[in-house]
Amino acid sequence: MQPLTGLGVAKVLDSGHPNFKKGDLIWGTTGWEEYSVITGLEGFFKIQHTDVPLSYYTGILGMPGLTAYVGFYEVCSPKKGEYVFISAASGAVGQLVGQFAKLMGCHVVGSAGSKEKVDLLKNKFGFDEAFNYKEETDLDAALKRYFPEGIDIYFENVGGKMLDAVLLNMRALGRIALCGMVSQYTRDQPEGVQNLMCLIYKRIHMEGFVVFDHYNIYPKFLDIVLPYIREKKIVYVEDIAEGLESAPAALVGLFSGCNVGKQVVVIARE
C-alpha cells in the first residue's frame, strides 16, 4: 500500500543526486508522510528564496501560482480594461488570478460559496465585485447583473451550470481558460453543457491546460511574482491544518468548500 501524494515542501536529509544536497529545501510531489524516499526528481524545484513563508511554495510560488499565471496570461492574453470573471475565486488559484487581473487594470468579479469568502474577495483581494453562487437561483441573471456588457475572460474552476451560464454572457472574441471543474469531480454522472453554440457565433476561444506542460517558465514566473509579494502588491490567504492526522478531513473539506484560501497541512515545523 502506497501513501497518498500531493504537492509539498520538504527538506533533504540525504542525497545521492548531484543537484540536491543535504539541507536543501525543495518543493514537488511528495507523500503524505513524515519521511519520503524520492527516486524520480523530475518536477522538483530547489527553493532559493526563503524570505517568504515556505508554505507559499505549495501555493502562490508553487503549482497553484504557476497555474494562475499560465491560465491568465498565457491562455487568456488579457488586455487592460477587460471584464474578467473567476469561479471558485477564493481558492488557491482563483485569488491569484483576480489579483493578476487587477494589476492589469481589468474589472474583476468572482464567485464563492459563502459570505465570508465573498467579503474576502472584495476586502482582501481587491475584486471589484463578488457574489455567493449559493444564493443565486438564476446564474444567468446574476452574471447579467454583474456584467451588463458581458465577460471578456472567464477563468473556469467549477464547470457544470456555472459554465453554461457563463457561455451565454461571454462577449465576442472572449477567452475561457479551463483550469478545473470542481462541481463535477464527485458526481456519478457529469453534467452536460448545453450552450456550446455560443463558442461558434461569439467566436470564443476555450482552452484547457495542464500546468505541468509549463514548468519551463517557472523561473520567469518567480521573477514576476516574488517582487509583487515583497512589495505587498499581492496578498495570499492560507487555511492551515496542523498534523498529518488532520489531512483526510482537510482533503474532504475541499469538495464542500470548507477551506478559505489555499488548504495547507503542516506535518513538521523547522
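Residues numbered from 1 in each chain as written. Predicted model: local features only at pLDDT ≥ 70, side-chain atom pairs only at ≥ 80, totals over all residues. Heavy atoms only, no water.

1. Structural notes on the sheet that holds strand E2 (residues 25-31)
Inference 1: With antiparallel pairing, the 3 strands of this open sheet are ordered in space as E1-E2-E3. Two strands in the sheet have a free side with no partner beyond their single neighbour: strand E1 (5-11) and strand E3 (45-46).
Inference 2: Alignment of E1 against E2, held across 7 bridges, turns out to be antiparallel. When the sheet's bridge partners are listed, Val 9 is paired in E2 with Trp 27. (Pairing = 2+ DSSP bridges. Helix = DSSP H or I, 4+ residues; strand = E, 2+ residues; numbered from the N terminus.)

2. A word on a nonpolar patch on the surface
Inference 1: A cluster of nonpolar side chains, Leu 4, Val 182, Tyr 185, Leu 251, Leu 254 and Phe 255, forms an exposed patch at the surface whose accessible area comes to about 540 Å².
Inference 2: Within the secondary structure, Phe 255 is located in the loop between helix H8 (247-254) and strand E11 (262-266).
Inference 3: Assessed through its relative accessible area of 46%, Phe 255 is described here as partly exposed. (Patch = residues over 30% accessible without salt bridge, like charges linked within 9 Å, V, L, I, M, F, W, Y side chains within 5 Å. Areas by Shrake-Rupley, 256 points an atom, 1.4 Å probe, with all protein chains shown as cover. Salt bridge = Lys/Arg side-chain N within 4 Å of Asp/Glu carboxyl O. Buried < 20%, exposed > 50% of the residue type's maximum accessible area, 1.4 Å probe, protein only.)

3. Considering unusual backbone geometry
Inference 1: Although it is not a glycine, Ala 88 adopts a positive phi angle of roughly 50 degrees.
Inference 2: Its location among the elements puts Ala 88 in the loop between strand E4 (83-86) and helix H2 (94-103).
Inference 3: Within the chain, Leu 173 stands out as a residue other than glycine whose phi angle is a positive 65 degrees.
Inference 4: By relative accessible area, which is 55% here, Leu 173 ends up exposed.

4. Quick notes on the environment of Tyr 218
Inference 1: As for its position among the elements, Tyr 218 is in helix H7 (residues 218-230).
Inference 2: Given the relative accessible area of 5%, Tyr 218 is considered buried.
Inference 3: On a C-alpha basis, the gap between Tyr 218 and Leu 61 in space is 9.2 Å, while along the polypeptide they are 157 residues apart.
Inference 4: Once you skip the residues sitting within four places of it in the chain, Tyr 218 turns out to touch Trp 27, Phe 45, Tyr 57, Leu 61 and Leu 66. (Contact = heavy atoms within 4.5 Å.)

5. Comments concerning the nonpolar core
Inference 1: Counting 53 residues, the largest nonpolar core has Ile 60, Leu 61, Phe 72 and Phe 100 as its most contacted members.
Inference 2: Those elements that place two or more of their residues in this core are E2, helix H1 (63-75), E4, H2, strand E5 (107-112), helix H3 (115-123), strand E7 (151-156) and H7.
Inference 3: With residues up to four places along the chain from it excluded, the contact list for Phe 72 reads Ser 77, Pro 78, Val 84, Val 97, Phe 100, Ala 101, Met 104, Cys 106, Ile 153 and Phe 155.
Inference 4: Counting residues in each nonpolar core, the second largest holds 19 residues, with Val 109, Leu 139, Phe 147 and Val 166 among its members. (Core = buried A, V, L, I, M, F, W, Y, C linked by side-chain atoms within 4.5 Å.)

6. Let's talk about the packing of H1 against H7
Inference 1: Here H1 crosses H7 at 90 degrees, and the two axes come no closer than 11 Å. Here H1 lies roughly perpendicular to H7, going by the angle between them. Counting all contacts with H1, which are made through Gly 65, Leu 66, Tyr 69 and Glu 74, the residues of H7 involved are Tyr 218, Lys 220, Phe 221 and Ile 224.
Inference 2: Here the contact of H1 with H7 is built from residues that sort into 5 nonpolar, 1 polar and 2 charged. (Axes fitted to C-alpha atoms, helices over the stretch in contact; angles between N-to-C directions. Parallel < 35°, antiparallel > 145°, perpendicular 65-115°, else oblique. Nonpolar A, V, L, I, M, F, W, Y, C, P; charged D, E, K, R; others polar.)

7. Looking at the pattern of salt bridges
Inference 1: Across all of its chains, the model carries 12 salt bridges by this definition.
Inference 2: Residue Asp 51 is joined to Arg 230 by a salt bridge in which the shortest nitrogen-to-oxygen separation is 2.8 Å. Residue Asp 51 is found in the loop between E3 and H1, and its partner Arg 230 is found in helix H7; the two are separated by 179 residues along the sequence.
Inference 3: The shortest N-O distance in the salt bridge between Asp 128 and Lys 102 comes to 3.0 Å. In this pair, Asp 128 sits in the loop between H3 and strand E6 (129-132) while Lys 102 sits in helix H2, placing the two residues 26 residues apart along the sequence.
Inference 4: The structure contains a network of salt bridges with shared partners spanning Lys 21, Asp 24 and Lys 46.

8. Some details on the packing of helix H4 (residues 139-146) against helix H5 (residues 160-169)
Inference 1: Two elements in contact, H4 and H5, have axes whose closest approach is 9 Å; the angle formed by their N-to-C orientations is 45 degrees. By the angle between their axes, H4 is oblique relative to H5. Considering only the axes of H4 and H5, their crossing is right-handed. Residue-level contacts link Leu 139, Asp 140, Leu 143 and Lys 144 of H4 to Lys 161, Met 162, Ala 165, Val 166, Leu 168 and Asn 169 of H5.
Inference 2: Across the contact of H4 with H5, the residue classes break down as 6 nonpolar, 1 polar and 3 charged. (Left-handed = near helix turned anticlockwise from the far one by under 90°.)

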